[in-house]
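Residue-level listing of the chains:
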Amino acid sequence: MTSQAPVHRDAVPMAGRVLCVLGPTNTGKTHLAVERLLGHKSGIIGLPLRLLAREIYDRAVAIKGTARVALVTGEEKIVPPQAQWFVCTVEAMPLERQYDFLCVDEIQLCGDAERGHVFTERLLHARGAQETMFLGADTMRALIRRLVPQAEFIARPRLSALEYAGSKKLSRLPPRSAVVAFSASDVYAIAELLRRQRGGAAVVLGALSPRARNAQVAMFQNREVEVMVATDAIGMGLNLDIEHMAFAETSKFDGISIRPLTPAELGQIAGRAGRHMRNGTFGSTNNPYGGESPVLDPEIIERIENHHFDPVPVARWRNAALDFRSPQALLRSLDAPPPREGLMRAREADDLLALKALLQDDDTLHRAKGHDRVQLLWQVCEIPDFRKSLHDGHVRLLSQIYRHLCDRDGRLPADWVQGQLTRIDRTEGDIDTLSNRLAHIRTWTYIAHRGSVNPGRNRDKSAGWLDDGALWQEKTRAIEDRLSDALHERLTQRFVDRRATVLTRHLRDIKTLAIRIAEDDALMVEGESIGRIVGLRFTPDGHETGEEERALRAAAHRALGPALEERAREILGLADDRFGLSPEGAIILKDDPIHAHGTALAKLAKGPMPLEPKLLLLADEALPAEHRRAVEERLQRWLDAHLRQHLGDLYKLRDADLKGAARGIAFQLASDFGAVLREDVNELLRAMDQAARHPLRRLGVTFGEMHIFLPKLLKPKPTQLKTLLFSINNEKPPLSPPPPGLTSLDIIEPRPERWWLAAGFLRVENRAYRLDIVQRIAEGARKAEHDAKHPPALFSISPVTPIKSAEEKPEEAKPEEAKAEAEAVAATVEEIEAPAEAPVEAIVEAEAPATEATATENTATENTATEAAAGETPAADTPAKAASARRKPRPDGSFPPAVEWMNLAGCGTEQLRLLLIKLGYRPVQRSLDDGQPAIEMFVRSGKAIQAKRQREQEKRQREEAIIKDSPFAALAKLKQR
């Protein structure tokens, strides 16, 4: 802040003693100055920071009372009528009156490029009637001796030692450490790392309001966090319990360029480590972006440890006797050269830059006429730019304020000011948004406290710019407090893990922790939630280190044991309908009021058999062993009942009293979750005749063209359980089962073929088909092949007569007149690839109703058969019927695919083509009739025919062996003799 109260050199006598108390940090200089201030009848002290001014004001009020102590800063004025002692920031010191004692702290800031001219003005001209005291570093001794020859000097040694401790990683910084960086982004990045590694950090930046900084400092002082991250503002007189100071950076941007810190600046910051008689240490640490720690030169380390720094060569100076006759005269007076040696012209400060920017505006130049208007313009330019937006919003704001003051008799319009405050008075948003609003309201807090010169009217020159200034001061202060509190809350939420801070404070004395379990199952330690009980487990919320997590569990054990016992007793008394099985393979507690998706109590793992998964209880070690066993037994009983309820046919098949090959087939079906490929059990099938298969059929087993399966297990719930058990048995993450109600579906992601088989589907390229649908299409293809060789119009058997395999044909005598016809049927059946049985019964399910197309097909076929049986030619009411009546036999059995099959499978032409190829057919080009164009048909592949012939040969050999060993064969031989 560059605001500077006017100095009246003649108002303060120069007879008082000028005492300079110089020395490094932690020498007790400020404490001595406060004692001397309150020891005089009146006094004033100027401090470099508003935050420090507030701290000293509170100490003075505690001794002298609120009625006799004043606080004056650019943003805050508390001036009781009978005030005797004034605590101020250096820029805001009211020097119009006389004080017995006057003190300026951190006088070495005379050399600061931006603020130095204010401190130099106080050094040269501000005096107390009886005593003047300047506090600062010993580097000012020679310069003060040149500028103030009558000054006396007192050297104050440091009360504790300051030692170099080397470089340490952020995760290994000792407790009570402060990390220094020089930009808000770096401070935030370091604080974020410390939150993850150390549980959190307090954040102190110059851009924070005093209230927000106080709240952050209080967290560190109260040991809620063990580390602080700050900018170099920490080096200006804040009294903190810091034991180690770590530099993450040693260079800073000074407003013009990035430059390395001087040894004196490094020493000023490092000197904040150690307080009173406690020694302090300093060093470096890694930067927030993973780089190496900055290297401190051994010479600089030695100078910091011994407090040996180069003297300040010159003091920054700017003319304080300003000429307000015209804007040009004001600029000339501000540009005046230093009057003596030891002084150097100050860098252009924000107020001068604002003045030059405003004078570029013709409207401002038009109003800046006369002494009062020019002086008013300078007062407006002194408004601090807390947002650091000089070349944008701040200049526009200053221009508006100046116009209003000129046009409204030195007053700002209340409605306009209220509109400005309303836009700022919002506490939502992130840290950067709140910081920007806070900087803006600090500007308005300064304006609310600012005195004004009335242009052209006889009015009190100390009057404010706002009517009822006290009211506006209360408004701006209230908004600043709300924004400060919101910013502190956001900083704490982002950079402090409350769970970790609880552990940090009480890690050494776990027995003192106050622990309870809240209604939402959160485990509260010292009022902070550090985890929660989920089912029978305690789950910490944070990511504590190993030592902290062990301490946390040890502390929580007192509350966890009884709570988990009570939970176990509740679980033992629940009905079966309160439990469920999640898609991930966990037994869950349903209808949990806290956890909407259920609370996991146990999970399933691979067991000794595919249908016997292992149950793993999800319980904390604090649950006693007897309760653990009881809950495991209860959940195991539920799981057994649940699996048998939905997979009962599979368990019956596994446990059935079967023998021989049937027993082997049953074991294979149980191991593969209800479906196997025929080719995988060919050896067993060859050993089974129809009588041997009958026990399996009674248990619900279907012998299909390609698969042997249990149709009842194709329903949604069994399918979900089968795929889950398959994944568990193969120790793979569970995959979502096929959606219910689909007879086929596209394969979006690759899955094992055995998984599809367990789900009851056949995978063909990138599509899967339900097994019962595959079987029905296979039967349709067999019938179409038969009808191609023996068209219904030329063959007297009804096309709807079920085609039975030879092994199912009853061995009964037939009339002679039907003998030829029966032989023809047998010859047709012998061409079928695999032994077939009666058509698979339609599985009546809510999710897979028979299609209308299928019903239409059956009705049409029955009508055709009826007409043929009556000896009548079917009416050729459709092209298909007409073609059927004229169709000639095709000896190779080629047939076109039926549209009804696509409707049944829910697939397209190309997909049906691939399915038929999978079923053992190959595409060929054939004509339905002479003279018609060739179309794609299907005939049985050579491989399938060869396999069929091999099976037929094996069947004949078995039958011959049976006949050879039978009593009828022996009797025939006797008759032949």
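Residues numbered from 1 in each chain as written. Predicted model: local features only at pLDDT ≥ 70, side-chain atom pairs only at ≥ 80, totals over all residues. Heavy atoms only, no water.

A. Quick look at the pattern of salt bridges. Evaluated as defined, the whole model comprises 50 salt bridges. Among the salt bridges present, the one from Arg 115 reaches Glu 91, with a minimum N-O distance of 3.0 Å. Of this pair, Arg 115 sits in the loop between strand 6 (101-104) and helix 3 (116-125) while Glu 91 sits in the loop between strand 5 (85-89) and strand 6, and the two are 24 residues apart along the sequence. With a relative accessible area of 2%, Glu 91 lands in the buried category. (Salt bridge = Lys/Arg side-chain N within 4 Å of Asp/Glu carboxyl O. Helix = DSSP H or I, 4+ residues; strand = E, 2+ residues; numbered from the N terminus. Buried < 20%, exposed > 50% of the residue type's maximum accessible area, 1.4 Å probe, protein only.)

B. Spotlight on the environment of Ala 315. Within the element layout of this structure, Ala 315 appears in strand 17 (residues 315-317). Classification of Ala 315 as buried rests on a relative accessible area of 0%. Residues Ala 315 and Leu 343, 28 residues apart in the sequence, show an inter-C-alpha distance of 4.8 Å.

C. Summary view of the pairing of strand 31 (residues 761-764). With four bridges joining them, strand 31 and strand 32 (residues 767-770) adopt antiparallel strand pairing. Of the residues in strand 32, the one forming a bridge with Val 764 is Arg 767. The hairpin formed by strand 31 and strand 32 contains two residues between the paired strands, and Glu 765 there has a positive phi angle of roughly 55°. (Pairing = 2+ DSSP bridges.)

D. How the structure looks around the sheet that holds strand 29 (residues 707-709). With antiparallel pairing, three strands are arranged side by side in an open sheet as 27-29-28. Looking along the sheet, the strands with just one partner apiece sit at the ends: strand 27 (675-677) and strand 28 (702-703). Bridging between strand 27 and strand 29 involves three bridges; their strand directions are antiparallel. Residue Ala 675 lies in a different strand from strand 29, and its bridge partner there is Phe 709.

E. Seen up close, empty space enclosed by the protein. Taken as a whole, this structure holds four cavities of 30 Å³ or more when the rule is applied. In this structure, the largest cavity spans a volume of roughly 90 Å³. Leu 714, Thr 719, Pro 739, Pro 740 and Phe 761 are, among the 13 residues lining the largest cavity, the residues nearest its centre. (1 Å grid on protein atoms, 1.4 Å probe; cavity = no way out; pocket = protein on both sides within 12 Å on 5 of 7 lines; lining within 4 Å. Points joined across faces, edges and corners; volume = space filled by probe spheres on them.)

F. The arrangement of unusual backbone geometry in detail. With phi around 60°, His 307 is a residue other than glycine that occupies positive phi space. With respect to the secondary-structure elements, His 307 resides in the loop between helix 8 (298-306) and strand 17. At Asp 468, a position not held by glycine, the phi torsion is positive, near 55°. If you trace the backbone, Asp 468 turns up in the loop between helix 15 (431-448) and helix 16 (469-495).

G. Expanded view of the packing of aromatic side chains. Using the criterion set out here, one finds ten aromatic pairs in the structure. Ring geometry for Phe 895 against Tyr 921: centres 5.3 Å apart, planes inclined by 85°, an arrangement best described as edge-to-face. On the criterion of sequence distance, the pair formed by Phe 895 in the loop between helix 29 (879-886) and helix 30 (899-905) and Tyr 921 in strand 33 (residues 921-926) is long-range, its members being 26 residues apart. Tyr 921 matches Phe 895 in its accessibility class, with the two residues each being buried. Feature note: the residues Trp 755, Trp 756 and Phe 761 constitute an aromatic cluster, connected by ring pairs. Over the face of the ring belonging to Phe 220 we find Arg 176, whose NZ or CZ atom lies 3.9 Å from the ring centre. Lying over the aromatic face of Trp 755, Arg 751 brings its terminal NZ or CZ to 4.6 Å of the ring centre. (Phe/Tyr/Trp six-rings, centres within 6.5 Å; stacked < 30°, edge-to-face > 60°. Lys NZ or Arg CZ within 6 Å of the ring centre and 35° of its normal.)

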